[in-house]
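Residues per chain, in single letters:
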Amino acid sequence: MTNDKQCVFIVSTGRTGTMFLAQYFRECFKLSSYHESEPSLRELGIQYAHGLVSDDEAMKQIKTARDILINESEQMYIESSNLLFSLIPLLRKIYPNSKIIHVTRDG
């Protein structure tokens, strides 16, 4: 079921309004939209970026951390977080229908 669900992952360079975006989609469109969902993937992302975790192990941890939230989502699942940067290739493999939005700050 999860592989067919539309997922949107909003990643950023930090301090770009990702919390606002999550709130906007949740309140204005009544979508399942989260900012830095729990459990956090921060440590996994760092470990994966440093080559300390294999693709298979990282994908297993991502699925364990996110499948329940995604399956509970009625229309689509949206997560905004700057902590997902290194996991983007794996997110694309696990959730092939997903979209990735990368937000940058232009001060």
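Our subject is the structure listed above.
Throughout what follows, the structure given in this document is the object of discussion. Quick caveat: nothing in here was measured; it's all calculated off a predicted structure.

Some thoughts on the sheet that holds strand 4 (residues 99-103)
In space, the four strands of this open sheet follow the order 2-3-1-4, with parallel pairing throughout. In this open sheet, the two strands that pair with only one neighbour each are strand 2 (32-35) and strand 4. Across the sheet, the axes of successive neighbouring strands diverge by a mean angle of 15°, strand direction being ignored. Where strand 1 (residues 6-12) and strand 4 come together, five bridges link them in parallel fashion. Bridging from a neighbouring strand, Val 11 pairs with His 102 of strand 4.

Some words on the layout of surface pockets
In this approach the atoms are scanned with a rolling probe the size of a water molecule, which exposes any empty space left behind. Estimated volume of the largest pocket: approximately 170 Å³. Around the largest pocket, the lining residues are Ser 12, Gly 14, Arg 15, Thr 16, Gly 17, Thr 18, Met 19, His 35, Glu 36 and Asn 82. A per-class count over the lining of the largest pocket returns one nonpolar, seven polar and two charged.

Section: helix 2 (residues 42-49)
Regarding helix 2, the residues found buried are Leu 44, Gly 45 and Tyr 48. Axial view of helix 2: buried residues confined to an arc of 100°, hence all on one face. Summarising the contacts, the buried residues of helix 2 are in contact with helix 3 (55-72) and helix 4 (88-94). Immediately downstream of helix 2, the backbone of Gly 51 shows phi near 75°, a positive value.

Thresholds applied
Residues numbered from 1 in each chain as written. Predicted model: local features only at pLDDT ≥ 70, side-chain atom pairs only at ≥ 80, totals over all residues. Heavy atoms only, no water. Pairing = 2+ DSSP bridges. Helix = DSSP H or I, 4+ residues; strand = E, 2+ residues; numbered from the N terminus. Axes fitted to C-alpha atoms, helices over the stretch in contact; angles between N-to-C directions. 1 Å grid on protein atoms, 1.4 Å probe; cavity = no way out; pocket = protein on both sides within 12 Å on 5 of 7 lines; lining within 4 Å. Points joined across faces, edges and corners; volume = space filled by probe spheres on them. Nonpolar A, V, L, I, M, F, W, Y, C, P; charged D, E, K, R; others polar. Buried < 20%, exposed > 50% of the residue type's maximum accessible area, 1.4 Å probe, protein only. Arc of directions from axis to C-beta. Contact = heavy atoms within 4.5 Å.

No statement about biological role is implied by the geometric values presented.
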